[in-house]
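Below are the chains, spelled out letter by letter.
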Amino acid sequence: EWGLGAALNSRWRVDGALSLAQHKYVDWQVSGSSNANYSGKAMEAAPKVMANTSLTWQPDARHTAQLEWVVLGSYWLEASNSPTYGKYEGHQVFNLRYSHHWSESVQLMARVMNLTDRRYADSASVSSSTPVFTPALPRAFYAGVQVQW
């Protein structure tokens, strides 16, 4: 895993984080009717790649805007790594955030999640021999006010 950030100049900043992992069952044999042996198989729902990159613009002390790119790599849907069920392909999503300090005690915030309105799964697995994909939210808009006193 690593994280890295750098100011490009007084108004722009780029930050990134990356996780590369390999999750495998070392020794897992199921006794009973199936006698399945998952030893050496990749763990289900465990992507090798997870990454996040953000580009932040702060033209002055009162305004901040950020574009975020989130990447989740592919992963097996179940423990046997069967091509019958296959893999979830992973996804890439963009998010946009903005904040404005109205005053010393009031901050306005807005964000657009899933900016490109991409269809993707929030989670994926196999249940009762059927691939199950839990859909993520479509493009969503949020706004907020923070008041300190």
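Thresholds, definitions, all that
- Residues numbered from 1 in each chain as written.
- Predicted model: local features only at pLDDT ≥ 70, side-chain atom pairs only at ≥ 80, totals over all residues.
- Heavy atoms only, no water.
- Helix = DSSP H or I, 4+ residues; strand = E, 2+ residues; numbered from the N terminus.
- Rg over C-alpha atoms; globule rule 2.2 N^0.38 Å.

### A look at the overall build of the protein chain
Alright, step 1. Within the protein chain, the secondary structure is distributed over zero helices and eleven strands.
Alright, step 2. Walking the protein chain from its N terminus toward its C terminus, one meets helices and strands in the order β-β-β-β-β-β-β-β-β-β-β.
Alright, step 3. Computed over the C-alpha atoms, the radius of gyration of the protein chain is 21 Å, more than 25% above the 15 Å expected from 2.2 N^0.38 for a compact globule of 149 residues.
Alright, step 4. Each principal axis of the C-alpha atoms in the protein chain carries an extent, and together these give about 65 × 30 × 30 Å.

### Quick word on unusual backbone geometry
Alright, step 1. For Ser 128, which is not glycine, the phi torsion reads 50° and is therefore positive.
Alright, step 2. Mapped onto the fold, Ser 128 is located in the loop between strand E9 (121-127) and strand E10 (130-135).
Alright, step 3. Positioned with a positive phi, Ser 129 is a non-glycine residue whose angle comes to about 60°.
Alright, step 4. If you trace the backbone, Ser 129 turns up in the loop between E9 and E10.

### Some remarks on the environment of Thr 84
Alright, step 1. Note that Thr 84 resides in the loop between strand E5 (75-76) and strand E6 (87-88).
Alright, step 2. C-alpha of Thr 84 to C-alpha of Trp 57: the two residues are 27 residues apart in sequence and 46 Å apart in space.

Nothing here speaks to function; it is geometry throughout.
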